[in-house]
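# Architecture at a glance
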Amino acid sequence: MTQYDMSQHNANTRSYALPDPDIQAEFYEDVTFKRLLAWLIDTAVIFVLCVLVLPFTAFTGILFFGALLFFFGFAYRVVTIATGSATWGMRLMSIELRQSDGARFGLGAAFLHTLGFTISVAFPILQIISIVLMITTARKQGLTDHVMGSVLINRAARY
């Protein structure tokens, strides 16, 4: 795989170009499947974190475990995406999020992406639309990615 070429950066306009799916298809290869695996990993991590927190709630957290999963999951996604443009699951799968201008995600973009993801998960029809988009579009973008103009790409190898 070729490295993501950030040399197209123009210091005056701060514009980056996302990899073209026709010319640089390797950046989008297997992203949908890797995204599924990353989601499974992240879900397991969030579940384990919540179970580890239960003793600190004197086990009353069992009564509101769904809310605990929601809040820990939201915070986990925002923090991990803001600090590395990918959740831990995404990092294990060697994929990362990029904004429409090619830049890595910051806190604001991470919050908005997580909010969009959460809304999509809350409404099954939106999740189905998102999955169909990931399977059928050239850049393998989900619904939130389409709204934000973001993409999930294969991360360049680190030397």
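The following refers to the structure shown. Just so we're clear, the structure is a prediction, and the values are computed from it rather than from any experiment.

A separate point is the overall build of the protein. Per the secondary structure count, the protein includes six helices and two strands. Along the chain direction, N to C, the helices and strands of the protein fall in the order α-α-α-β-α-α-α-β. Classification of the 159 residues of the protein by burial places 37% in the buried group. Restricting the contact set of the protein to residue pairs at least 6 apart, pairs at least 24 apart contribute 63%.

Where nonpolar side chains cluster on the molecular surface, the patch consists of F111, L112, L115, I119, F123, I125, I128, I129 and V132 and spans about 800 Å² of accessible area. Taken together, the elements giving at least two residues each to the nonpolar patch come down to α4 (107-122) and α5 (124-136). Looking at the element boundaries, L115 is found in helix α4.

A few words on the side chain of H113. Structurally, H113 is set in helix α4. Setting aside its immediate chain neighbours within four residues, H113 contacts R35, L97, F105, T144, D145, M148 and S150.

Definitions and cut-offs
- Residues numbered from 1 in each chain as written.
- Predicted model: local features only at pLDDT ≥ 70, side-chain atom pairs only at ≥ 80, totals over all residues.
- Heavy atoms only, no water.
- Helix = DSSP H or I, 4+ residues; strand = E, 2+ residues; numbered from the N terminus.
- Buried < 20%, exposed > 50% of the residue type's maximum accessible area, 1.4 Å probe, protein only.
- Contact = heavy atoms within 4.5 Å.
- Patch = residues over 30% accessible without salt bridge, like charges linked within 9 Å, V, L, I, M, F, W, Y side chains within 5 Å.
- Areas by Shrake-Rupley, 256 points an atom, 1.4 Å probe, with all protein chains shown as cover.
- Salt bridge = Lys/Arg side-chain N within 4 Å of Asp/Glu carboxyl O.

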